[in-house]
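Residue strings, one per chain:
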Amino acid sequence: MKAAGEPPDLLVLHHGQVRQPVPALLQVLGKFCDDGDGGAIVAAVAVDGRHGYLNASGDWIVEPTLKDARSFGSDGLARFCDQGLWGYRDLKGAVVIAAQYEKAEAFNFGLAAVMIGNRQWRYIDTSGQFAFDGILPHAGPFTAAGLAVACGSTYKCGYIDRSGAWAIAPRFEWPAPFSPLGVAPATENGELYGIINQQGEWVLAPCHSQIDAFNDDGLAYFQAGRNHEGYLDASGVPVIRDMYKLSPTMCSGIVVLNNLRYVTARGPLAFDATLDWFGDFNPHGFALARARDAARGPVWGIARADATFAMAPADMLEPLTDKDHNIAGSQADTPLVAFLARDGSIAMLDRDARVMFRLRAQTGPNGSYAALYDDADRLLWQGPPCATLQLPQPYFCAYAEALLVEVRSVDGLVPYAETMVAATNAKLHNIGALLQAVENGEEETEDAYAYTTGNDDVFNQDDDPDAGARLARSLRTRRRIFRSYLDEGENMRFEFLNDERHDMMTAMYARCVARLAAHFGPPSLDPDYAGAAPAPDTQAWRIGQLWLGIWADSEYGDGDSWQHIWLVCAPSREALESALASHRAP
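The structure reproduced in this document is the subject of the present report. This structure is a prediction, so every number in the text was calculated from the model and none was measured.

## Some remarks on the pattern of salt bridges
Part 1: Considering all chains together, one arrives at 23 salt bridges under this definition.
Part 2: Across the pair Glu6 and Lys2 runs a salt bridge, and its minimum N-O distance is 3.6 Å.
Part 3: The class of Glu6 is partly exposed, set by a relative accessible area of 44%.
Part 4: A relative accessible area of 23% places Lys2 in the partly exposed class.

Next up, the structure:
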């Protein structure tokens, strides 16, 4: 909720106090870490794209002047980039290892890999000293197993120990870091994957087309071909198997199958509600999901790891989405999710679907402003006033009117149609100029095929070289008045949405037909357009010498989908013949 044209920025809420950092805050990187002195610190990005470090009170401990900054590791150090070189800071924001490396990785178990030249990596300890001799073409993080992935001179990969010695000689095209269970996925040829132990022996001989690193639940996602996805345990035994479109992201032991089911190593989760869309679980043990309620229809809410579903409050419309139509994630590892309410406010819900905070747009004597309230409706913060606030718009529950183009509402349809009729009449009365343009190959078709949105339109122009067809096409006036477009990613993430947009188009089409019929009378299903025949299921009205028609269509291609409603105004065949005869008469 900002003034139009202003970049969005974040507030910092800590112990009931709200601060708005200066310079303004765009993003926090990771979660706030205890600074050892009763405070907290986090890597952050200002709205101008520069990086720094912020405390829990919203003060920049390290001003955002850095090119890059990363979150803190378990060793209490964070890497940063200044003037193109990398170094490390401590939990107070102080530089403990000066910026001097071309690249640098995070500290893990007391060691970090740094690049000192082109494909020349070494390890340093937390004091900045080299941990051992030896330069490597590639160096990965150490894990609890005491080993790190590294590349040898042949560019094959193996594992080194904390002394820099090869614990497992390089022979792999791709090895994953060792899990705390002492095993790691690996492949020698890049085609078949297996699982090795800390001696480099195969626990599971290479047999799968893909095995990812083991997750925090001690399981690894694998693929063995189409319709054969699942998760392996540390011994290589499938605990989830023979799935298709299984998410490679598991959390709390729960994974999503095709956005239509939650699966665990013990089998599917049977919820106490009928869910029809399933989001990924988070580390806090819950996920966004959508259910079908007999009274309310589709309703969003919170799915919990115990297979219970908490409906969002009745005034919640849908989860908040970003500009790319992804569901907005939580900030700073906060166990809250953002919802757009029916009144346009933004609410933060907890795992029980309770409103913990709400951001409202309000109006005062000096203009509109945003205001933040807590769960007891106490005012926590108020933004500066401006002429107009830019408010988030619904996506899943988009209003049909929001998908209208050329007209703002159904009430504006008749006046708009009348302008199309006037434009087509004017062309018909100026047929001599059109004939000349057709003869010269200079006829104007852009107006007749004007679209207000991009080039993703699938309604093809007819490219008939016949002069008569070209004349008829030039005489027509066609406009798209409703447009819904979902790309392949949207259709994959939200399979329910295409059907709902189709239903929305159908309902809007019925409203448009009713509005035109109320003004022009009952429609005809068989208009005799001059030139190209009307689209199937066109409904049309005879207006003098012209036809005004309307139709709807849905198109699919390469995973994308479109829904359109079109208006067309064209002369009748008789009107065109009469106009041509009048033009040719001496």
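From this point on, the discussion continues.
## Considerations on the pairing of strand β9 (residues 78–82)
For a regular strand, the rule is simple: side chains alternate between the two faces of the sheet.
Part 1: Most of β9 is tucked away: 4 of the 5 residues are buried.
Part 2: Alignment of β9 against strand β10 (residues 85–89), held across 5 bridges, turns out to be antiparallel. Opposite Cys81, over in β10, you have Trp86 as the bridge partner.
Part 3: If you look at the hairpin formed by β9 and β10, you'll find 2 residues sitting between the two strands, and Gln83 has a positive phi there, around 55 degrees.

## Comments concerning helix α1 (residues 413–429)
Part 1: Helix length check: α1, at 17 residues, gives a terminal C-alpha distance of 24 Å against a target of 24 Å (1.5 Å per residue), a fit within 8%.
Part 2: Of all the positions in α1, only Leu413, Val414, Tyr416, Ala417, Met420, Val421, Thr424, Lys427 and Leu428 are classed as buried. Buried residues of α1 fall within an arc of 160 degrees about the axis and therefore sit on the same side.

## A few points about the sheet that holds strand β21 (residues 193–197)
What holds strands together in a sheet is hydrogen bonding between their backbones, with the strands either parallel or antiparallel.
Part 1: Strand order in the open sheet formed by 4 strands is β19-β20-β21-β22, with antiparallel pairing between adjacent strands. Taken across any chain shown, the strands that pair with only one partner, and hence form the sheet edges, are β19 (174–175) and β22 (202–208).
Part 2: Relative to β22, β21 runs antiparallel, the two being bridged by 3 bridges. Of the residues in β22, the one forming a bridge with Ile195 is Leu204.

## So, helix α5 (residues 495–520)
Part 1: Taking 1.5 Å of rise per residue, 26 residues should cover 38 Å, and α5 covers 39 Å from first to last C-alpha, within 8% of that figure.
Part 2: Taken together, the buried positions of α5 are occupied by Phe496, Leu497, Asn498, Arg501, Met504, Met505, Met508, Tyr509, Cys512, Val513 and Leu516.
Part 3: Remark: Gly521 follows α5 within two positions and exhibits a positive phi of approximately 100 degrees.

Conventions used here
Residues numbered from 1 in each chain as written. Predicted model: local features only at pLDDT ≥ 70, side-chain atom pairs only at ≥ 80, totals over all residues. Heavy atoms only, no water. Salt bridge = Lys/Arg side-chain N within 4 Å of Asp/Glu carboxyl O. Buried < 20%, exposed > 50% of the residue type's maximum accessible area, 1.4 Å probe, protein only. Helix = DSSP H or I, 4+ residues; strand = E, 2+ residues; numbered from the N terminus. Pairing = 2+ DSSP bridges. Expected span 1.5 Å × (residues − 1). Arc of directions from axis to C-beta.

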